[in-house]
Structures are given as structure tokens and as C-alpha cells.
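Each chain, written out:
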Amino acid sequence: MQEIEQVRELYSVVQSLREEFNALNERIKERAHRIDLLSFQINEIESAGLMPEERETLEEERRIFSN
């Protein structure tokens, strides 16, 4: 009976570790997706070639449109 209880406990630990592993894998995938998105956005901003005064104008327009 003692061995059966040990197997149950070990099985529970394995299940818990699997769940944690799956959660970590999901977080890794989400982080990779976020990095890809931010890299794309950075490239888009850099390729726009905005001048400093254009940025101020665009920020003002954004404030107006957000209202």
C-alpha cells in the first residue's frame, strides 16, 4: 500500500510539472509573437523616415482623433 501511495504522489507531481511546462511554453510563444510584432512596428516606423516636426504634428492629430 505504501508503494501505491508513493506512485500516486509521484504521478501528481508529474502532472503538476506538465501543467507548469505547458504554461511556460505558452508564455514563450506569446513573448516570441510580441517580439515579432514590436520588431515589425519598429521597422515600419523607421522606414517612414519622419522628420522631427512631423512627429509633433502626428502626435497632435492622434490626440485630436482620440477624442
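Just so it is clear, the structure is predicted and the values come from calculations on it, not from any experiment. (Residues numbered from 1 in each chain as written. Predicted model: local features only at pLDDT ≥ 70, side-chain atom pairs only at ≥ 80, totals over all residues. Heavy atoms only, no water.)

*Asks:* Looking at this model, I keep getting lost on the overall build of the protein. Mind explaining?
*Replies:* Per the secondary structure count, the protein includes two helices and zero strands. A compact globule built from 67 residues would reach a C-alpha radius of gyration of about 11 Å, whereas the protein, at 25 Å, exceeds it by more than 25%. Its C-alpha atoms give the protein principal-axis dimensions of about 80 × 30 × 10 Å. Within the protein, buried positions represent 0% of all 67 residues. Total accessible area on the protein stands at roughly 6800 Å², and carbon and sulfur atoms take up 56% of it. (Helix = DSSP H or I, 4+ residues; strand = E, 2+ residues; numbered from the N terminus. Rg over C-alpha atoms; globule rule 2.2 N^0.38 Å. Buried < 20%, exposed > 50% of the residue type's maximum accessible area, 1.4 Å probe, protein only. Areas by Shrake-Rupley, 256 points an atom, 1.4 Å probe, with all protein chains shown as cover.)

*Asks:* Looking at this structure, how should I read the pattern of salt bridges?
*Replies:* Opposite charge on two side chains makes pairing possible when the charged atoms of those side chains draw close. Inspection of every chain in the model, using the stated rule, returns three salt bridges. The salt bridge partner of Arg8 is Glu5, with a shortest N-O separation of 3.8 Å. Highlighted residues: Arg8 and Glu5, both in helix α1 (residues 2-48), separated by three residues, approximately one helical turn. Across the salt bridge formed by Glu59 and Arg55, the nearest N and O atoms sit 3.0 Å from each other. (Salt bridge = Lys/Arg side-chain N within 4 Å of Asp/Glu carboxyl O.)

*Asks:* Hey, could you run me through the environment of Arg63 in this one?
*Replies:* Mapped onto the secondary structure, Arg63 falls in helix α2 (residues 52-66). Taking the C-alpha atoms as reference, Arg63 lies 33 Å from Arg27; in sequence the two are 36 residues apart.

*Asks:* Honestly, the environment of Glu20 in this entry has me stumped. Any pointers?
*Replies:* Its place among the elements puts Glu20 in helix α1. Look at Glu20 and you get partly exposed, because its relative accessible area is 47%. Residues Glu20 and Arg31, 11 residues apart in the sequence, show an inter-C-alpha distance of 16 Å.

*Asks:* Is there a simple way to think about the environment of Gln41 in this case?
*Replies:* Positionally, Gln41 belongs in helix α1. With a relative accessible area of 35%, Gln41 lands in the partly exposed category. When the C-alpha atoms of Gln41 and Glu56 are compared, they prove to be 19 Å apart, with 15 residues separating the residues in sequence.

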